[in-house]
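# Coordinate analysis (summary)
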Amino acid sequence: MTLAEASGLAAGYGGAPVLRDVTFTVEPGMRVGVLGPNGGGKTTLFRAMLGDIVPAAGELTVRGRCGSVPQTERSRLDYPVSALDVALMGSLVRLPWWRAPGRAEREQAREALRVVGLEHVAEETFGELSGGQRQRVLVARALVQEADVLLLDEPFSGLDDQSAGRLMALIDDLAGAGRAVLIATHDLEQTRAWDRVLCLNGAQIAFGPPQVVLTRDVLERTYGGSIVVLPGADGAPAEGIVPAHHHVHDD
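Residue positions are counted from 1 within each chain, in the order its sequence is given. pLDDT decides what is reported in this predicted model: residues at 70 or higher carry local features, side-chain atom pairs at 80 or more are listed and counted, and totals for whole chains, interfaces and linings draw on all residues regardless. The side-chain numbers reported here are obtained from all heavy atoms of the structure, hydrogens and water having been left aside.

### Some thoughts on the overall build of the protein
Note the cut-off: The helix and strand labels rest on DSSP assignments: H or I over at least four residues marks a helix, E over at least two residues marks a strand, and numbering proceeds from the N terminus. In this scheme, a residue with accessible area under 20% of its type's maximum is buried, one over 50% is exposed, and one in between is partly exposed, where area comes from a 1.4 Å probe on protein chains only. Any two residues having at least one pair of non-hydrogen atoms within 4.5 Å are treated as being in contact. Accessible areas in this description were obtained via Shrake-Rupley with a 1.4 Å probe; residue shielding takes into account the shown protein chains only.
Broken down by element type, the protein carries eight helices and eleven strands. The buried share of the protein, taken over its 251 residues, is 46%. When contacts within the protein are restricted to residue pairs at least 6 apart in sequence, long-range pairs at least 24 apart make up 65% of them. If you sum the accessible surface of the protein, you get close to 12,500 Å²; carbon and sulfur atoms cover 49% of it.

What follows is the structure, encoded as structure tokens:
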């Protein structure tokens, strides 16, 4: 069963669409890297999948529930709520407005924290956790929503290598359990390990397996610049993208 699919999708915020010509299919267990510059349409796509905005054209079908995992930098950290409280918030989308979460929902939230490896910090204040821990608590919240499709908005931003590795492993586990996971990111190397890559820059540039999609031509059109060889670790060559409004000068 396909969990999400789009055909000729266009979406925006009342005026001209800021994203158009998007066509893709996402199956259960699929990890999809969503690449594109800031303002390229990644957030617009996620908001359309969540139902926050209505497509301006084309078709978008999401089977099951979508769960959003925002960047932790956009979360309020000064509220005195625990990790368990934040995970428990995921139950609110499933409960009648007049019913507060009860024992069953609290047990579900604890189980979600166990799944993401954080049951030991359930009672700790959310804002005092590390960036990587906060990100995994937000994943737990999406699990409590019973989401079939997880939308992660640049979840690796600001994480150290160890925390990023744990999050990568968690994404693999979630996909292995049959969920679809879409990850907005700027990291090309991460996307090479996933099942599909969707490249956006105001419109869809490409969609498919990383070994097919991540070509020089596609990346240059995605980021509006040229790919140049830059010094990598220990002097090894590594590719980098120079935005179109910058210029590279030979010394």
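### Quick notes on the packing of helix H3 (residues 103-115) against helix H4 (residues 131-144)
Applicable threshold: Axes here refer to lines fitted to C-alpha atoms; in helices the fit is confined to the stretch in contact. Angles between the N-to-C directions go from 0 to 180 degrees. The labels follow the angle: roughly parallel below 35 degrees, roughly antiparallel above 145, roughly perpendicular from 65 to 115, and oblique for the rest. It is the rotation of the near helix from the far one that decides the hand of a crossing: anticlockwise by less than a right angle makes it left-handed, clockwise makes it right-handed. Note on residue categories: nonpolar means Ala, Val, Leu, Ile, Met, Phe, Trp, Tyr, Cys or Pro, charged means Asp, Glu, Lys or Arg, and polar means any other residue, Gly included.
For the pair H3 and H4, interaxial distance at closest approach is 8 Å and the crossing angle is 130°. One way to sum up the angle between H3 and H4 is to call them oblique. Crossing angle aside, the handedness with which H3 passes H4 is right-handed. In contact with Gln108, Ala109, Ala112, Leu113 and Val115 of H3, H4 contributes Val137, Ala140, Leu143 and Val144. For the contact of H3 with H4, the per-class residue count stands at eight nonpolar, one polar and no charged.

### What about H4?
Quick note on the threshold: Expected helix span is given by 1.5 Å per residue-to-residue step, counting one fewer step than there are residues.
Here H4 spans 20 Å end to end across 14 residues, near enough to the 20 Å set by a 1.5 Å rise per residue. Burial of H4 is extensive: 13 of the 14 residues sit out of reach of the surface. Positive backbone phi, approximately 60°, marks Glu146, located one or two places after H4.

### Points about the sheet that holds strand E5 (residues 66-69)
To keep things clear, this is the line we draw: DSSP bridges decide pairing: two strands pair if at least two such bridges lie between them.
If you walk across this open sheet you meet the six strands as E5-E6-E7-E3-E8-E9, and the pairing is mixed. Edge positions in the sheet fall to E5 and strand E9 (204-208), since each of these pairs with one other strand and no more. The average undirected angle you get between the axes of adjacent strands in this sheet is 15°. Across four bridges, strand E3 (residues 31-35) lies against strand E7 (residues 180-184) in parallel orientation.

### A short note on the sheet that holds strand E1 (residues 4-11)
Ordered in space as E2-E1-E4, the three strands form an open sheet in which the pairing is antiparallel. This sheet does not close on itself; its edge strands, each paired only once, are strand E2 (19-26) and strand E4 (57-62). Averaged over all pairs of adjacent strands, the angle between their axes in this sheet comes to 15°, without regard to strand direction. Summarising the sheet, E1 and E4 pair through five bridges and their orientation is antiparallel. Its bridge partner lying in E4, Ala6 is registered against Leu60.

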